[in-house]
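Survey of secondary and tertiary structure
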Amino acid sequence: MQGGGMEIIMKHLEHGPVVFLAGEHYDIVWTTSVQGAAWVKSGGREYYDTVTGILRTEDTVHKVTVPKEVLDAEGGYTIFFRQVFEKTSYRPKSEEKAESRGFDFRPVRKNAEVNIYVIGDAHGFYKEAIAEGGYFGDELDMLVLNGDIADNDIVAQLGGVLEIGFGVTHGNIPTVHVRGNHDVRGSAATLLHRFTGTDKGRFYFDFSAGDIYGIALDCGEDKLDSHIEYGGLNVFDVYRRKQTEFLDSIIGKGDYRKHRRVIVFCHIPLVTERNEPMADIYAEWVRRLNVIRPDVMICAHEHRTDFAAAGGNLFDRATLEFPVMTGSVLEAEWIDEVCCFRDIAGTAVSVGNERILMRVTDFEKKVREEYTI
C-alpha cells in the first residue's frame, strides 16, 4: 500500500490523479501548476511520462502508463513531480528534489458484485456531476465518464475529466472515459488524449474489470461530416469504419467469452433519430455486437432516460439483440447570458451474478427509476 490515507500536500498538484482504465493498462493522469518532469512508482518499479526516452518537461499535464497487472497486484502507487525551470542543452535547471504523494488503489475484483456509476452529459457542471457520482460512496468500484464533459474551446476545459474523475474516485479506483460528441468540439479537442485514458491513442477500446468485459465505442459527432456546423474539418466516417474492424478483432480474439458479463459503453445511442444518416455504418456495428451479445449497452447524449429492451430496430437496417439504457439527465436554463443549472442525473449500475440493476439517481442521491436485466 502507498499510504493514500495520509494528508500529504504536493505544492504544485492541480488536478487528479485519476487512474484511467483503457485496454489492459492504466493511464494515471494529473496536472500541475508549473511545468516539469513526472513519473509513477508501483510494484517496486518506476514508470515515466516520456517521449522517445526523453522526460517531458514542457508540460503541466502528466500521463503515465502502468501495466494493469502491476497496479492491481500492488494495490497502490506514488506520483512524483519535479519542477523544471529551464531545459537547456547542458545542465538544465530544476528542483533538486521531487515532490510525491502516495495513493491506495482498489481494482475491480472477481466473484463480487460490482458497483459502477455512469456520468454522462456534465457539460461543464463539474460540482453537480461529482455530487451525483457519490451515490455509492465508499462502495463504488468503478466510474465511467460517458461523454460530453464539456466543449473544448480552451485547454482549461480539458481538465474537466480530471476534476470530476478525482472528485468522485480520489485516485483510488478505476475510471473509464468514453468520448462524446461535444468532447470533440473546439480548438483544444485534439489535445484531449493527454488528459485521459486511451489505447494506442484511440478513444475506442476494450477492457476487463473483474468478471466484466467492457467495450468503449466512440461515435464522434452526431451528424454527417459534411454538416455545415463542422466546416469540413471532420472525418469521422473513416474513424467509425475503423471501429467496425475493431469489433471484428474482438470477435476474432473471443476474450469476451471468458467473462460473466459484457457491457458496452457508447455516448450516443445508436438508434437516436439524428443517427439515421449514418445508419449503414451503425448497422455494421450492431451486427457485430449481436455476435458478442452484450448484457447491455449504456448511453447518454439525449439528456433523458430510457430503457429499450432487446429487439429494437435500427432504421430498418438491423435489430439490436441486446438492451440499451440511455441514462443521463441534464437541464439548464440561460438567464442573462449565464447558463444556470437545474437538474442532473446519472446511472448507478450494480452488476451481480444473477442480475444487473440500473438505478437513475440525481445529485441529491435520490433514486428516480430502476431497471433490472
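Residues numbered from 1 in each chain as written. Predicted model: local features only at pLDDT ≥ 70, side-chain atom pairs only at ≥ 80, totals over all residues. Heavy atoms only, no water.

1. Some details on the sheet that holds strand β15 (residues 212–217)
Strands sit in the order β14-β15-β16-β17-β21-β18 across an open sheet of six strands; the sheet is mixed. Every other strand in the sheet has two partners, leaving β14 (205–209) and β18 (305–308) as the edge strands with one partner each. On average, each strand axis in the sheet is inclined to that of its neighbour by 20°, with strand direction left out of account. Looking at chain direction, β14 and β15 are connected through five bridges and run antiparallel. When the sheet's bridge partners are listed, Phe205 is paired in β15 with Ala216. Running at roughly 165° to β15, helix α5 (residues 236–253) makes contact with β14 and β15 of the sheet. Running at roughly 175° to β15, helix α6 (residues 279–292) makes contact with β15, β16 (261–266) and β17 (296–299) of the sheet. (Pairing = 2+ DSSP bridges. Helix = DSSP H or I, 4+ residues; strand = E, 2+ residues; numbered from the N terminus. Axes fitted to C-alpha atoms, helices over the stretch in contact; angles between N-to-C directions. Contact = heavy atoms within 4.5 Å.)

2. What about helix α4 (residues 160–169)?
For α4, the buried fraction is high: seven of the ten residues fall into the buried class. When α4 is considered as a whole, its buried residues turn out to be Gly160, Val161, Leu162, Ile164, Gly165, Val168 and Thr169. Once α4 finishes, His170 follows within two positions and takes phi at roughly 55°, a positive value. (Buried < 20%, exposed > 50% of the residue type's maximum accessible area, 1.4 Å probe, protein only.)

3. Re the pairing of strand β1 (residues 13–22)
Successive side chains on a regular strand alternate, one facing one side of the sheet and the next facing the other. With seven of ten residues buried, β1 is to be regarded as a mostly interior element. Relative to strand β2 (residues 25–32), β1 runs antiparallel, the two sharing seven bridges. Bridge pairing in β2 places Val18 opposite Val29. Where β1 hands over to β2, the hairpin turn is made up of two residues, of which Gly23 adopts a positive phi near 70°. Sheet topology note: the β1/strand β13 (residues 174–178) ladder contains two bridges and is parallel. Of the residues in β13, the one forming a bridge with Val19 is Pro174.

4. Some thoughts on the nonpolar core
Ranked by internal contacts, the top residues of the largest apolar core, which has 64 residues, are Ile164, Ile215, Leu217, Leu247, Leu270 and Met297. For this core, the element with the most residues is α6, which contributes eight residues. With residues up to four places along the chain from it excluded, the contact list for Ile164 reads Ile119, Ala122, Tyr126, Ala129, Ile130, Leu143, Leu145 and Ile149. Counting residues in each nonpolar core, the second largest holds 44 residues, with Val64, Tyr77, Phe103 and Val349 among its members. (Core = buried A, V, L, I, M, F, W, Y, C linked by side-chain atoms within 4.5 Å.)

5. Brief notes about unusual backbone geometry
The residue after Gly16, namely Pro17, is reached through a cis peptide bond having omega 10°. Position of Pro17 among the secondary structure elements: in strand β1. We note that Lys200 has phi near 60°; this positive angle belongs to a residue other than glycine. Even without a glycine there, the phi angle at Arg293 is positive, about 60°. Taking relative accessible area as the criterion, Arg293 reaches 53% and is therefore assigned exposed.

6. Digging into α6
Taking 1.5 Å as the rise per residue, α6 with 14 residues should run 20 Å; its terminal C-alpha atoms sit 20 Å apart, in good agreement. Across the 14 residues that make up α6, a large majority, ten, are buried. Buried within α6 are the following residues: Ala279, Ile281, Tyr282, Ala283, Trp285, Val286, Arg288, Leu289, Asn290 and Ile292. Buried residues belonging to α6 abut β15, α5, β16, β17, β19 (312–314) and β20 (318–320). Looking one or two places after α6, you find Arg293, whose phi comes out positive at around 60°. (Expected span 1.5 Å × (residues − 1).)

7. Quick look at the environment of Arg368
Within the secondary structure layout, Arg368 lies in strand β25 (residues 367–372). The class for Arg368 is partly exposed, based on a relative accessible area of 38%. With residues near it in sequence (within four places) discarded, Arg368 still touches Val329, Asp343, Ala345, Val360 and Asp362. At a separation of 3.2 Å, a polar atom in the side chain of Arg368 contacts the side chain of Asp362. (Polar contact = N/O pair within 3.5 Å; in protein donor to acceptor, adjacent residues only side chain to side chain.)

8. Topic: the packing of α5 against α6
Relative orientation of the contacting elements α5 and α6 amounts to 15°, with a least axis distance of 10 Å. In this view, α5 runs roughly parallel relative to α6, as classed from their interaxial angle. For the crossing formed where α5 meets α6, the hand is left-handed. Residues Arg240, Arg241, Gln243, Thr244, Leu247, Asp248, Ile250 and Ile251 of α5 form the contact with α6, whose own contacting residues are Ile281, Tyr282, Glu284, Trp285, Arg288, Leu289, Val291 and Ile292. Looking at side-chain class alone, the contact of α5 with α6 contains nine nonpolar, two polar and five charged residues. (Parallel < 35°, antiparallel > 145°, perpendicular 65-115°, else oblique. Left-handed = near helix turned anticlockwise from the far one by under 90°. Nonpolar A, V, L, I, M, F, W, Y, C, P; charged D, E, K, R; others polar.)

9. A look at the packing of helix α2 (residues 126–133) against α4
Remark: α2 packs on α4, axes separated minimally by 9 Å, with the N-to-C direction vectors making an angle of 35°. Helix-helix and strand crossings are classified by hand; for α2 and α4 the assignment is right-handed. Between α2 and α4, the residues in contact are Tyr126, Ala129, Ile130 and Gly133 and Gly160, Glu163, Ile164, Gly167 and Val168, respectively. Grouping the amino acids of the contact of α2 with α4 by side-chain chemistry returns five nonpolar, three polar and one charged.

10. Thoughts on the environment of Asn115
Its place among the elements puts Asn115 in strand β11 (residues 114–119). Between the alpha carbons of Asn115 and Thr60 there is a distance of 33 Å; along the sequence they are 55 residues apart. At 3.0 Å, the side chain of Asn115 and the backbone oxygen of Glu139 are in polar contact.

In short, the description is geometric, and any link to function would need to be established separately.
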